[in-house]
Amino acid sequence: MTSHRDLNSTHESAVLDSYKSLLSSQGKVLKIIDRPDPPDAIVKIDGVDTWIEITDAHFSQDTVISITSYAADDKVHIPSKGGLVCSGQ
(Lines give C-alpha, C1' and ligand atoms only; values in the text may rest on other atoms or scores of the structure.)
Protein backbone atom coordinates (compact mmCIF):
# COMPACT_ATOMS: atom_id res chain seq x y z
CA MET A 1 0.00 0.00 0.00
CA THR A 2 1.37 3.39 -0.98
CA SER A 3 0.31 6.20 1.30
CA HIS A 4 0.10 9.80 0.19
CA ARG A 5 3.07 10.52 2.48
CA ASP A 6 5.26 7.84 0.79
CA LEU A 7 4.67 9.17 -2.72
CA ASN A 8 7.30 11.92 -2.55
CA SER A 9 10.13 9.56 -1.60
CA THR A 10 9.04 7.03 -4.22
CA HIS A 11 8.87 9.75 -6.89
CA GLU A 12 12.30 11.13 -5.94
CA SER A 13 13.81 7.62 -6.11
CA ALA A 14 12.37 7.15 -9.60
CA VAL A 15 13.75 10.52 -10.76
CA LEU A 16 17.20 9.68 -9.32
CA ASP A 17 17.14 6.27 -11.06
CA SER A 18 16.25 7.94 -14.38
CA TYR A 19 19.04 10.49 -13.94
CA LYS A 20 21.49 7.69 -13.10
CA SER A 21 20.48 5.89 -16.32
CA LEU A 22 20.88 9.08 -18.36
CA LEU A 23 24.35 9.69 -16.96
CA SER A 24 25.27 6.04 -17.54
CA SER A 25 24.28 6.39 -21.21
CA GLN A 26 26.80 9.23 -21.38
CA GLY A 27 29.55 7.12 -19.78
CA LYS A 28 29.24 8.80 -16.37
CA VAL A 29 28.71 7.21 -12.96
CA LEU A 30 26.21 8.44 -10.36
CA LYS A 31 26.51 6.99 -6.87
CA ILE A 32 23.91 7.93 -4.26
CA ILE A 33 25.64 8.49 -0.90
CA ASP A 34 22.72 9.62 1.29
CA ARG A 35 19.09 10.80 1.15
CA PRO A 36 18.92 13.40 3.98
CA ASP A 37 16.07 15.63 2.67
CA PRO A 38 17.02 18.37 2.17
CA PRO A 39 18.67 17.99 -0.21
CA ASP A 40 16.97 15.04 -1.86
CA ALA A 41 20.28 13.26 -2.42
CA ILE A 42 23.97 13.57 -1.68
CA VAL A 43 25.78 11.98 -4.63
CA LYS A 44 29.07 11.41 -6.39
CA ILE A 45 29.12 11.99 -10.13
CA ASP A 46 32.30 10.61 -11.65
CA GLY A 47 33.93 10.80 -8.21
CA VAL A 48 32.90 14.44 -7.55
CA ASP A 49 30.72 15.07 -4.46
CA THR A 50 27.58 17.12 -5.07
CA TRP A 51 23.91 17.22 -4.14
CA ILE A 52 20.57 16.99 -5.94
CA GLU A 53 17.28 18.72 -5.16
CA ILE A 54 14.32 17.55 -7.24
CA THR A 55 11.61 20.05 -8.14
CA ASP A 56 8.49 19.43 -10.20
CA ALA A 57 6.51 21.98 -12.15
CA HIS A 58 2.87 21.18 -12.89
CA PHE A 59 0.35 22.73 -15.22
CA SER A 60 -2.09 23.44 -12.41
CA GLN A 61 -3.00 22.56 -8.83
CA ASP A 62 -5.91 20.57 -10.27
CA THR A 63 -3.43 18.36 -12.15
CA VAL A 64 -1.27 17.79 -9.05
CA ILE A 65 -4.29 16.77 -6.97
CA SER A 66 -5.41 14.36 -9.67
CA ILE A 67 -1.97 12.73 -10.01
CA THR A 68 -1.28 12.37 -6.29
CA SER A 69 -4.77 11.25 -5.32
CA TYR A 70 -4.69 8.60 -8.09
CA ALA A 71 -1.31 7.21 -6.97
CA ALA A 72 -2.05 7.08 -3.22
CA ASP A 73 -3.96 4.15 -1.79
CA ASP A 74 -5.12 6.17 1.21
CA LYS A 75 -6.81 8.94 -0.82
CA VAL A 76 -9.93 9.03 -2.96
CA HIS A 77 -8.98 9.87 -6.56
CA ILE A 78 -10.04 13.37 -7.56
CA PRO A 79 -9.79 13.51 -11.36
CA SER A 80 -8.72 16.74 -13.01
CA LYS A 81 -11.31 18.70 -14.91
CA GLY A 82 -9.27 18.11 -18.06
CA GLY A 83 -9.36 20.51 -20.92
CA LEU A 84 -7.09 21.47 -23.74
CA VAL A 85 -3.61 22.77 -22.98
CA CYS A 86 -2.39 25.18 -25.65
CA SER A 87 0.26 27.82 -26.15
CA GLY A 88 -2.22 30.67 -25.84
CA GLN A 89 -2.19 31.61 -29.51
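In this report, the structure presented in the accompanying data block is examined. Treat the numbers as computed from the prediction; the structure is a model and nothing was measured. (Residues numbered from 1 in each chain as written. Predicted model: local features only at pLDDT ≥ 70, side-chain atom pairs only at ≥ 80, totals over all residues. Heavy atoms only, no water.)

### A closer look at the sheet that holds strand 2 (residues 41-45)
Next, step 1: Pairing is antiparallel across the open sheet formed by 3 strands, whose spatial order is 1-2-3. Strands at the two margins of the open sheet, each flanked by one partner only, are strand 1 (30-34) and strand 3 (48-52). Across the sheet, the mean angle from the axis of one strand to that of its neighbour is 35°, orientation sign disregarded.
Next, step 2: Pairing analysis gives 5 bridges linking strand 2 to strand 3, with the strands arranged antiparallel. Residue Ala41 lies in a different strand from strand 3, and its bridge partner there is Ile52.
Next, step 3: Relative to the sheet, helix 1 (residues 7-25) contacts strand 1, strand 2 and strand 3, its axis offset from that of strand 1 by approximately 145°. (Pairing = 2+ DSSP bridges. Helix = DSSP H or I, 4+ residues; strand = E, 2+ residues; numbered from the N terminus. Axes fitted to C-alpha atoms, helices over the stretch in contact; angles between N-to-C directions. Contact = heavy atoms within 4.5 Å.)

Shape is all these values report; function is a separate question.
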